[in-house]
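Secondary and tertiary structure notes
So you can see what is in the structure, the chains are spelled out below.
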Amino acid sequence: MKLEERLIINSLNDSEFDLEEGLLIASGLDSEEKIGEYKGKLDLIHERGKSFIDMHQRQVPEDYVSLERAKLLFQYLYVGKPSRYNGNFLFTDVLDAQLSDGDCAVGNCTGLTSLYTVLALREGLDVGIKLMPGHVKNLLFLNGLEIEVENTNPDGFGKIGLDYEKLKNPNYLIHLIYDSRKDLLKNVTSLLFESEHNADDERFALDILLHKGYYLAVSSLGEKVSDDLKKHRSFTETMALANAGQGKVVEAFNFYKEFDERVDEGNICNNYGRTSWWPRTCREIDGLGDYQNGYDEIKLFTDSTDYKVAKSLVEAGEIGMAEDVILRACRREILSEHDITSEQLADDVKKYFSFEGFRQKLDTYRIDVDRERNAREAELKQILSGSR
């Protein structure tokens, strides 16, 4: 499993979540070795900070010890790097700059707030973040007060919090990094760390994870999405593909059956075409000499839900289930407005699957499908004649 996928899954489970690791992964680290290297750099910054705090801490009433240590932590970061602001938002760049020799800039509001946040959490401080348009700062919760920490200003410690949007959960910093990177996963992290979202946001997040091949993350997020999304056909299609990608073929087959039998309700979360038209079109296009379009049509089919689920079932030895998937795909084609024979469908199936006796099975299956299509046409005629 890639670290990025693990970050998504752990974000859904508070007990498994590690903000420091999350910030490093969001900054582009892709191996445990690199994570360990940068956690070592963070350890060094923290150790130096603790020494500074212990050396300069005044005798104050017990109720104000945390406030004193929070202020000294802020001062420590400015002592060696007083000109702190630049464009760095990646946590890795901020750590490197903080440890570099000389007075050099360290980071922007996202980068500097990330650094103060993790160090404050290591010190046991109750710290969150505060958003405003184009900016983020820390918010300390001490002695019943909300105290702002503006990390881009050397005089930025100690103002009483004003009424901006408040986000006590500092995990949102991970989303701010992805957002600054203009990475597609920003749509996923926004969903994970924002309290307000809808079924369309959830569908989009699942589609992004599916596109990246993070099948386990799709399954984990799929368990937590709203009932509004779960009732739509696109959700069952996504879960069929995610389970097929994990080799969980029985689950994939069951979700596929739900997908095939459902009709979308409403206008949200529609199926965006992962199931292509049947590839017979490629033969017709090739007959006209347009081989590129013919190739593209074949590629569309091999990217379809029907093909992927059936292929995973064949690889698992579940030939009967795979045949059922393809028969269902044929049913949708027969019920469409296109006229296609069983012979054409059976020929097309041979291109992708070695099902024995598929033509005979399709002929038997088609009797029921034709009966259903004729019933639909009769019902439609009756409705139309009654509306005149």
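The following paragraphs examine the structure supplied in this document. (Residues numbered from 1 in each chain as written. Predicted model: local features only at pLDDT ≥ 70, side-chain atom pairs only at ≥ 80, totals over all residues. Heavy atoms only, no water.)

1. Quick notes on the overall build of the protein
For the protein, the helix and strand inventory stands at 19 helices and five strands. Classification of the 388 residues of the protein by burial places 48% in the buried group. Residue pairs at least 24 apart in sequence account for 59% of intrachain contacts in the protein once pairs closer than 6 positions are excluded. As displayed, the protein has an accessible area near 19500 Å², and 48% of this comes from carbon and sulfur atoms. (Helix = DSSP H or I, 4+ residues; strand = E, 2+ residues; numbered from the N terminus. Buried < 20%, exposed > 50% of the residue type's maximum accessible area, 1.4 Å probe, protein only. Contact = heavy atoms within 4.5 Å. Areas by Shrake-Rupley, 256 points an atom, 1.4 Å probe, with all protein chains shown as cover.)

2. Focus on the packing of helix H6 (residues 109-122) against helix H7 (residues 172-181)
Contact geometry for H6 and H7: axes closest at 10 Å, N-to-C directions at 155°. Classified by the angle between their axes, H6 and H7 sit roughly antiparallel to one another. Along this stretch, H6 crosses H7, giving a crossing that reads as left-handed. Listed contacts from H7 to Thr110, Thr113, Ser114 and Thr117 of H6 are Leu173, Leu176 and Ile177. Its residues assigned to classes, the contact of H6 with H7 shows three nonpolar, four polar and no charged. (Axes fitted to C-alpha atoms, helices over the stretch in contact; angles between N-to-C directions. Parallel < 35°, antiparallel > 145°, perpendicular 65-115°, else oblique. Left-handed = near helix turned anticlockwise from the far one by under 90°. Nonpolar A, V, L, I, M, F, W, Y, C, P; charged D, E, K, R; others polar.)

3. Brief notes about the pairing of strand S1 (residues 127-132)
Two faces belong to every sheet, and in a regular strand the side chains alternate between them. By the criterion of burial, S1 is predominantly enclosed, with six of the six residues buried. Looking at chain direction, S1 and strand S2 (residues 135-142) are connected through six bridges and run antiparallel. Within S2, the position partnered with Gly128 by the bridge is Leu139. Adjacent in sequence and paired antiparallel, S1 and S2 are bridged by two residues, among which Gly134 carries a positive phi angle near 70°. (Pairing = 2+ DSSP bridges.)

4. What to know about the side chain of Lys137
Topologically, Lys137 is positioned in strand S2. For Lys137, the side chain forms a polar contact with the side chain of Glu148, separated by 3.1 Å. If we ignore the near neighbours within four places in the chain, the residues touching Lys137 are Thr113, Gly128, Ile129, Lys130, Met132, Glu148, Val149 and Glu150. (Polar contact = N/O pair within 3.5 Å; in protein donor to acceptor, adjacent residues only side chain to side chain.)

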